[in-house]
Every structure is written in C-alpha cells, then in structure tokens.
Amino acid sequence: MVVAFFASTILSVIVLRFVPVYFTPLMFIRLAEQHKEGKDLKLKHHWVSLEKMSPSMPVAVMASEDQRFLKHHGFDYKAIEKATKRNKTGKRMLGASTISQQTAKNVFLWPGRTWVRKGLEAYFTVLIELMWSKQRIMEVYLNSIEMGDGIYGVEAVANEHFNCSAKELTRANCALIAATLPNPRVYSSKYPSDYMVKRKYAIMKQMKFIPILPKEGQVVDPSTVDGGIYKN
C-alpha cells in the first residue's frame, strides 16, 4: 500500500506537469454543497495557458498572496515565523500558505485543517516544487483556484465578472481579483465593496516591487529586478 501510494502520487504529479487540470476535488465538493442546499449547479472553468493570461495576473497574486514565490522552494519560512508571532498575540489570524502550497491543496486534496491534510499538502508541495517549474505552478494555480461562487480560474472570472478574456484583464482588474482570494465566495470582484477597492489599490502599490513572471526556462536573478521590471 505504501509503495502504491508513492507510485500513484508521483505519477499523477508527473502527468499533471504536462496535462491541463480540468477538474479538482474542490469543484466536486462545491457541486455537492450546491445540490444539498437546493441551488442550481454552477461550475465555470476554462483552462488557458499562461500566454493567454494578462502578464499582470501572476504579478497581482504574488503581490497579494506570496511575494517570495520566485525565491522560495515551496515554503516561506519568514512568513511562517511572522504568522506564528502574530497569531500568538490574539490579533486577526494570519496565514502563511505559499502559492505552491495552495496549488498542491487545490489540485490534489480537499479543504480542511487536520494534521493529515496539512501533512499531505506539504508532501505534494515538495513534489510539485521538484517536478514542476515555477511557471507551471503558477499556470495551474491561476487555472484552478476558486475565484467566486462556482467560478474557478482566471479565464472564467474574466468572462463572468469583466466580460473579457484573461488576456484582456487590466492591471487594476488583476489586482481586484487578487484582493478577493482570501475568501472569494464572500468578497466579489464583480461587485467590490469599499474594502475590496482599498485592497485593490494596496495590491497595485505592491505590484510595483514584484518582478514579472519570467518565461519558461528563464532563471530569476533578483539583482536584475528593478521596480517589478527586468533590466536588460
């Protein structure tokens, strides 16, 4: 059983390095919840490559969710330490999940805070960091993450909330989408509250200091980054 587990999980990670992720466990869980609550079933999801997304979208989610994404290897220990200290004070709880961890959870696991689920999340995070490029992790993340009620991925939210394609999203649109990600079923990028608008502008300020996502095969050199733009 142990050999079968490792073989199947490693194989699935290898396969999804190349094959689009059309469905995730969370999608089926949400459909079951909709059915149980007597709602119409809704699942909007359209896979697109990174090249068909606005280049501002990866920058926005890095600014909002994981500013060290291009530097760490799956786990941001500085963010974990900061969150641990903050949470001990009893103030508003901070999370420290990286984009890699969120991708591992979205694609291979289910929502929850049990130690078993967190352990599996760490395991899959290590696997995708070893076997996928940063570009692939970002591509899968932006295609699979929940971005509204029944809406998954940047192409679907662009269609549903902005009447455009993912490629046509403006810098402000991308920042607004990123602002909703802590809880996209509560916060809306289609009908943003004053709080969401405030977060959007805060993220846009941070985006100035985040490097653009390099193309596949390009090595990130922090010394070449200036205000989010790579120098020649």
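Check the entry above for the structure.
Residues numbered from 1 in each chain as written. Predicted model: local features only at pLDDT ≥ 70, side-chain atom pairs only at ≥ 80, totals over all residues. Heavy atoms only, no water.

Our next topic: the layout of surface pockets. Considered as a void within the structure, the second largest pocket measures approximately 440 Å³ in volume. Taken together, 19 residues form the lining of the second largest pocket, with Leu50, Glu51, Leu213, Pro214 and Lys215 sitting closest to its centre. With 3 residues, the single largest contributor to the lining of the second largest pocket is helix α7 (residues 134-144). Of the residues assigned to the lining of the second largest pocket, the class counts are 9 nonpolar, 3 polar and 7 charged. (1 Å grid on protein atoms, 1.4 Å probe; cavity = no way out; pocket = protein on both sides within 12 Å on 5 of 7 lines; lining within 4 Å. Points joined across faces, edges and corners; volume = space filled by probe spheres on them. Helix = DSSP H or I, 4+ residues; strand = E, 2+ residues; numbered from the N terminus. Nonpolar A, V, L, I, M, F, W, Y, C, P; charged D, E, K, R; others polar.)

Next up on the list: empty space enclosed by the protein. As enumerated under the stated definition, the model contains 1 cavity of 30 Å³ or more in all. Taken as a whole, the largest cavity holds about 40 Å³ of empty space. In terms of lining residues, the largest cavity is bounded by Arg30, Glu33, Gln34, Glu37, Lys39, Asp149 and Arg185. Residues that form the lining of the largest cavity fall into these classes: no nonpolar, 1 polar and 6 charged.

For the rest of this paragraph, the subject is the pattern of salt bridges. The tally for this structure, following the rule as stated, stands at 10 salt bridges. For Arg185, the salt bridge identified is with Glu33, shortest N-O distance 3.7 Å. Separated by 152 residues along the polypeptide, Arg185 in the loop between α9 (171-180) and α10 (194-207) and Glu33 in helix α2 (residues 25-36) bring together distant segments of the chain. Since its relative accessible area comes to 44%, Arg185 is described here as partly exposed. Exposure remark for Glu33: the relative accessible area of 29% places this residue in the partly exposed category. (Salt bridge = Lys/Arg side-chain N within 4 Å of Asp/Glu carboxyl O. Buried < 20%, exposed > 50% of the residue type's maximum accessible area, 1.4 Å probe, protein only.)

Here we come to the packing of α9 against α10. In a pair of packed helices, the angle between the axes and the distance between the axes together describe the arrangement. Two elements in contact, α9 and α10, have axes separated by 8 Å at closest approach and are oriented at 115°. Note that α9 runs across α10; the crossing there is right-handed. Residues Arg171, Ala172, Ala175, Leu176, Ala178, Ala179 and Thr180 of α9 pack against Met196, Arg199, Lys200, Ile203, Met204 and Met207 of α10. Tallied by class, residues from the contact of α9 with α10 come to 9 nonpolar, 1 polar and 3 charged. (Axes fitted to C-alpha atoms, helices over the stretch in contact; angles between N-to-C directions. Left-handed = near helix turned anticlockwise from the far one by under 90°. Contact = heavy atoms within 4.5 Å.)

Attention shifts here to α9. The α-helix winds at 3.6 residues per turn, so residues separated by three or four positions along the chain end up facing the same way. Summarising burial for α9: 8 of the 10 residues are buried, a large majority. Among all positions in α9, only Asn173, Cys174, Ala175, Leu176, Ile177, Ala178, Ala179 and Thr180 are buried. Buried residues in α9 make contact with α3 (56-65), β2 (146-148), α8 (154-162) and α10.

All told, the structure shown has 8 aromatic pairs when counted by the stated rule. Measuring from ring centre to ring centre gives 5.7 Å for Phe6 and Tyr123, while their planes differ by 75°; the resulting arrangement is edge-to-face. You can see Phe6 sitting in helix α1 (residues 2-15) and its partner Tyr123 sitting in helix α6 (residues 115-131), a full 117 residues away along the chain. The class for Phe6 is partly exposed, based on a relative accessible area of 38%. An aromatic cluster of three or more residues is present, and its members are Phe5, Phe6, Phe108, Tyr123, Phe124 and Trp132. In this arrangement the basic side chain of Lys134 is found over the ring face of Phe69, its NZ or CZ atom lying 4.5 Å from the centre. (Phe/Tyr/Trp six-rings, centres within 6.5 Å; stacked < 30°, edge-to-face > 60°. Lys NZ or Arg CZ within 6 Å of the ring centre and 35° of its normal.)

This part is about the nonpolar core. If you look at the biggest cluster of nonpolar residues, it comprises 52 residues, and the most contacted ones within it are Met57, Val61, Phe108, Met138, Leu142, Met147 and Leu169. Within the residue set of this core, elements represented by two or more residues are α3, α5 (99-108), α6, α7, α8, α9 and α10. (Core = buried A, V, L, I, M, F, W, Y, C linked by side-chain atoms within 4.5 Å.)

Take unusual backbone geometry next. Of note in the backbone geometry, Asn163 takes a positive phi value of approximately 55° without being a glycine. As for its placement among the helices and strands, Asn163 is situated in the loop between α8 and α9.

Among the surface-exposed residues, Leu11, Ile14, Val15, Phe18 and Val19 lie close enough to one another that they form a single nonpolar patch of about 460 Å² accessible area. Tracing the backbone shows Val19 in the loop between α1 and α2. (Patch = residues over 30% accessible without salt bridge, like charges linked within 9 Å, V, L, I, M, F, W, Y side chains within 5 Å. Areas by Shrake-Rupley, 256 points an atom, 1.4 Å probe, with all protein chains shown as cover.)

Now for the side chain of Glu121. In this structure, Glu121 sits in helix α6. Note on Glu121: relative accessible area 2%, which makes it buried. Leaving out residues up to four positions away in the same chain, Glu121 has contacts with Ser97, Gln101, Ala104, Lys105 and Leu109.

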